[in-house]
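Residue strings, one per chain:
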Amino acid sequence: MTVFKGRTKGLTDAKLSYCPGCLHGVAHRLIGESMEELGIIEKTIGIAPVGCSVFAYNFFACDVIQVPHGRAPAVATGMHRARPDRIVFTYQGDGDLAAIGTAETIHAANRSENITIFFVNNATYGMTGGQMAPTTLPGMKATTAPYGRDVSDTGFPMRLCEILSQLEMPNYIERVSLLSPKEILKAKKAVKKALQYNTDGKGLSFVEMISTCPTNWGMDPLKAREWARENMLPIFPLGVFKDRAAEEAKEKEAE
Amino acid sequence: MGKKVLMKGNEAVAEAAILAGCRHYFAYPITPQSELIEYMAKKMPLVDGTFLQAESEVAAINMVLGAAACGVRVMTSSSSPGISLKQEGISYIAASRLPAVIVNVTRGGPGLGNIAPMQCDYFQATRGGGHGDYYTPVLSPSTVQEFADMAPMAFEIAEKYLTPVMILGDGMLGQMMEPVEFPDAYPPQKDPSEWALGARRTPDDRHIINSLYIDPYVLQEKTETLFKVYEEIKKNETRFETYNMDSGAKYLIVAHGTAARVAKSAVDALKEEGVELALIRPITLWPYPYDAVAEAAKGKEKVITIELSMGQMVEDVKLAVCGECPVEFIGKAGGVVFTPEEIVSLIREKIS
């Protein structure tokens with residue numbers, strides 16, 4: 001067997017605890033590779049949320065802390081203020097970030113803390129068994145929306161990139177997807193760019209990754225990706241919502 | 001010692017924390033601790049420290065969690081309803097074995113209650129407060145000087161045992177002005193590099209801070225380890241003050257904080273009438289000085305507990321006295337503070 005690329009040094013040797021077909025492993029790898037390529041593994045602190053990725057402290061090779069549900073951006077704020085010479089990132093799911101942690105997310109973004117928030121959106125609460133998330137699609141079934149999400153009752157899926165990009169101060173906001181190799185390569189660029197911005201002290205980076213949950217969606221991994229492409233991407237369009245550092249660089253060039 | 005200055009308790013504890021090397025403070029406004037957050041807002045930038053007004057008490061305590069995990073001296077402050085919101089974070093800080101200081105300038109409750117001084121958060125402070133099997137050392141000052149002195153003491157205990165420590169003042173101590181002296185030297189911070197995040201001593205020295213133990217046997221072991229630390233704290237850090245103990249008094253008063261000030265004045269007033277009362281003032285509410293209270297209650301006809309609440313510490317007094325003599329209670333709800341005359345007459349009723 002030929003190994004084209006070994007495991008990144010940005011991840012530990014621990015076996016991932018995610019379900020077969022889950023894209024957390026991909027997202028982890030993108031962050032691990034980016035840390036390795038930027039040479040920042042030893043000076044990075046990761047923050048594991050509550051949710052499936054609660055065990056991320058086993059997987060990232062940087063220092064990691066596991067924190068209360070939704071509070072990662074506040075913890076990151078305290079860390080970055082205590083150690084401005086360190087790179088701090090949070091890794092959060094949609095329930096953690098967009099429901100219980102909405103206030104912490106919005107305010108950390110508004111202060112443009114020099115941290116990166118990695119937001120993995122799979123439209124469900126994975127760990128607790130498929131309950132309705134703030135990002136669950138209209139009509140999509142969940143264990144707490146057994147007849148499908150009724151938006152007149154529970155609201156429309158929340159688009160965090162769009163909400164946060166209304167704020168003046170955040171540096172970089174992009175939504176990427178993990179649904180195909182091509183998109184994963186693009187996601188990698190966004191992940192690395194975000195961490196590079198933090199290394200350069202540019203302020204808050206927010207990278208949302210559209211993902212899947214084959215287990216709770218009740219689909220095989222390929223079908224789940226197809227379904228996400230057809231149903232999630234129209235509601236969560238991909239793209240760069242804010243890139244102040246790039247704009248400023250462009251302006252400088254124009255001068 | 002430096003020169004004496006007249007300060008509010010809220011300001012004195014803030015100044016003492018800064019002098020003790022605290023350079024990170026996160027909080028959310030609430031009365032009656034406003035002078036504390038405002039003092040920090042003014043002073044922290046002057047010492048290159050971090051002052052940040054958080055979006056909520058929940059966020060503030062989690063900022064404390066983050067800064068504590070990086071091994072810096074960090075503090076937050078709030079008052080009763082705000083402390084309720086911080087309990088989730090305090091539980092995580094305790095479970096993650098991180099040092100941090102929380103100042104609680106209590107007010108009237110339950111609910112929004114009012115902004116008058118009350119001691120009705122004794123249960124919350126001394127019984128962990130948040131979810132899970134844990135305790136938080138709790139210091140109860142009764143003067144502005146003691147409020148200030150407790151800031152470095154709290155950091156020292158927090159770092160020695162890796163635990164959050166609460167200073168439980170109240171609206172009275174926070175708002176009142178008294179002369180206070182600050183020492184010239186403070187205990188240095190204990191080196192956190194063994195466990196702090198972002199503090200690798202070698203390239204492979206990866207630090208993880210966590211409070212999740214899915215395996216029940218591992219959580220059992222972790223909790224038992226935590227409780228061994230609590231035994232050490234009980235052994236080494238239990239503090240109390242006694243007053244008029246050798247007077248041959250037949251009655252013992254137990255009170256802490258602001259209530260102890262009023263009780264002390266009652267002891268003096270009744271002494272003039274020829275009635276002797278002994279007084280014991282727990283300084284640490286957890287660990288509680290059970291042995292000292294039991295010892296002080298020995299041979300007494302009655303023990304009287306005085307609190308600015310409907311009776312919370314009185315349960316610990318009963319645990320300490322353990323049926324050796326009757327334990328009576330004098331208390332007030334609503335943030336109404338006893339006048340010295342009133343407390344004297346209430347005590348007289350209990351002992352006549």
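Residues numbered from 1 in each chain as written. Chains lettered and ligands numbered in written order. Predicted model: local features only at pLDDT ≥ 70, side-chain atom pairs only at ≥ 80, totals over all residues. Heavy atoms only, no water.

J.: Pulling in residues and values, what's your account of the overall build of chain B?
T.: Per the secondary structure count, chain B includes 12 helices and 15 strands. Scaling as 2.2 N^0.38, a compact globule of 352 residues should have a C-alpha radius of gyration of about 20 Å, and chain B matches this with 20 Å. Expressed as lengths along the three principal axes of its C-alpha atoms, the size of chain B is roughly 70 × 50 × 40 Å. Each of the 352 residues in chain B was classed as buried or not, and the buried ones make up 59%. Accessible area of chain B: about 13800 Å², with a carbon and sulfur share of 54%. Taking the 33 positively charged and 45 negatively charged side chains of chain B as two groups, their mean positions are separated by 1 Å. (Helix = DSSP H or I, 4+ residues; strand = E, 2+ residues; numbered from the N terminus. Rg over C-alpha atoms; globule rule 2.2 N^0.38 Å. Buried < 20%, exposed > 50% of the residue type's maximum accessible area, 1.4 Å probe, protein only. Areas by Shrake-Rupley, 256 points an atom, 1.4 Å probe, with all protein chains shown as cover. Lys, Arg positive; Asp, Glu negative; His and termini not counted. Charge placed at Lys NZ, Arg CZ, Asp CG, Glu CD.)

J.: A description of the sheet that holds strand β9 (residues 208-209) of chain B should follow, citing residues and the corresponding values.
T.: Pairing is mixed across the open sheet formed by eight strands, whose spatial order is β9(A)-β7(A)-β8(A)-β4(A)-β3(A)-β1(A)-β2(A)-β9(B). The open sheet has two edge strands with one neighbour each: β9 (239-243) of chain A together with β9 of chain B. In terms of strand pairing, strand β4 (residues 116-121) of chain A meets strand β8 (residues 205-210) of chain A through six bridges, oriented parallel. Its bridge partner being in β8 of chain A, Asn121 of chain A is matched across the sheet by Ile210 of chain A. (Pairing = 2+ DSSP bridges.)

J.: So what's going on with unusual backbone geometry? Residues and values would help.
T.: All names here are of chain B. In the segment running from Gly109 into Pro110, the intervening peptide bond is cis, with an omega of 5 degrees. Cis geometry marks the peptide bond from Trp286 to Pro287; its omega dihedral reads 0 degrees. Here Pro287 is to be found in the loop between β13 (284-286) and α10 (290-297). Positive phi outside glycine occurs at Leu162, with the angle close to 55 degrees. Along the polypeptide, Leu162 turns up in the loop between α6 (144-161) and β7 (164-170).

J.: I'd like a rundown of the interface of chain B and chain A, residues and numbers included.
T.: Often, the extent of an interface is quoted as the loss of accessible area on bringing the components together. Taken residue by residue, the interface counts 33 residues in chain B and 35 residues in chain A. For the pair chain B and chain A, the summed buried area comes to about 2600 Å², and 59% of that belongs to carbon and sulfur atoms. Remark: the boundary between chain B and chain A carries three salt bridges. The partner of Glu88 of chain B in a salt bridge is Arg71 of chain A, with the nearest N and O atoms 3.0 Å apart. On inspection of chain B and its partner chain A, the count reaches 16 residue pairs in polar contact (both at pLDDT 80 or more). Elements represented by at least two residues in the side of chain B that touches chain A include exactly β2 (24-27), β3 (50-53), α3 (57-69), α4 (80-95) and β9 of chain B. Per-element accounting of the side of chain B that touches chain A gives the leading share, eight residues, to α3 of chain B. In this structure, strand β2 (residues 63-66) of chain A lies alongside β9 of chain B, joined through two bridges in parallel fashion. By the bridge assignment, Val64 of chain A is partnered in β9 of chain B with Ile208 of chain B. (Contact = heavy atoms within 4.5 Å. Buried area = accessible area lost by both parts, 1.4 Å probe. Salt bridge = Lys/Arg side-chain N within 4 Å of Asp/Glu carboxyl O. Polar contact = N/O pair within 3.5 Å; in protein donor to acceptor, adjacent residues only side chain to side chain.)

J.: Tell me what's going on with the side chain of Thr135 of chain A, and back it up with residues and numbers.
T.: All names here are of chain A. One can find Thr135 in the loop between β6 (131-132) and α5 (151-154). Side-chain polar atoms of Thr135 contact the side chain of Asn121, separated by 3.1 Å. With sequence-adjacent residues up to four places away left out, Thr135 is seen in contact with Asp94, Phe119, Asn121, Ala123, Arg149, Pro157, Met158 and Phe236.

J.: Describe in detail the domain arrangement of chain B, supporting the description with residues and values.
T.: Residue and element names in this part refer to chain B. In terms of domains, chain B is made up of domain 1 (5-237) and domain 2 (240-351). Buried area between domain 1 and domain 2, summed over both chains or domains, comes out near 2400 Å², and the portion from carbon and sulfur atoms is 56%. On the domain 1 side of the contact with domain 2, Gln119, Tyr122 and Phe123 bury the most area, a combined 29% of that side's loss. A salt bridge links Arg281 to Glu146; its shortest N-O distance comes to 2.9 Å. At the junction of domain 1 and domain 2, the tally comes to 18 residue pairs in polar contact (both at pLDDT 80 or more). Broken down by secondary-structure element, the contributors of at least two residues to the side of domain 1 that touches domain 2 are α5 (122-126), β6 (138-139), α6, β7, α7 (171-175) and α8 (216-237). (Domains from an automatic or database assignment.)

J.: Could you give an account of the packing of aromatic side chains, with specific residues and numbers?
T.: Residue and element names in this part refer to chain B. Here the structure, examined in full by the defined rule, presents 15 aromatic pairs over all chains. Each ring, one from Tyr135 and one from Tyr230, has its centre 5.8 Å from the other, and the planes form 85 degrees; the classification is edge-to-face. Of this pair, Tyr135 sits in the loop between α5 and β6 while Tyr230 sits in helix α8, and the two are 95 residues apart along the sequence. A residue is classified by how much of its surface remains accessible, and Tyr230, at 2% relative accessible area, is buried. Note on Tyr230 and Trp286: the rings are 5.3 Å apart at their centroids and 75 degrees apart in plane angle, and the pair reads as edge-to-face. With Tyr230 in helix α8 and Trp286 in strand β13, this residue pair connects regions lying 56 residues apart in the sequence. (Phe/Tyr/Trp six-rings, centres within 6.5 Å; stacked < 30°, edge-to-face > 60°.)

J.: Just give me the short version of the nonpolar core, but keep the residues and values in it.
T.: Grouped together as the largest cluster of nonpolar side chains are 121 residues, with contacts concentrated most on Ile65, Met79 and Phe206 of chain A together with Met75 of chain B. When residues of this core are assigned to their parent elements, the largest contribution, 10 residues, is made by α6 of chain B. The two domains that each donate at least three residues to this core are domain 1 (5-237) and domain 2 (240-351) of chain B. (Core = buried A, V, L, I, M, F, W, Y, C linked by side-chain atoms within 4.5 Å.)

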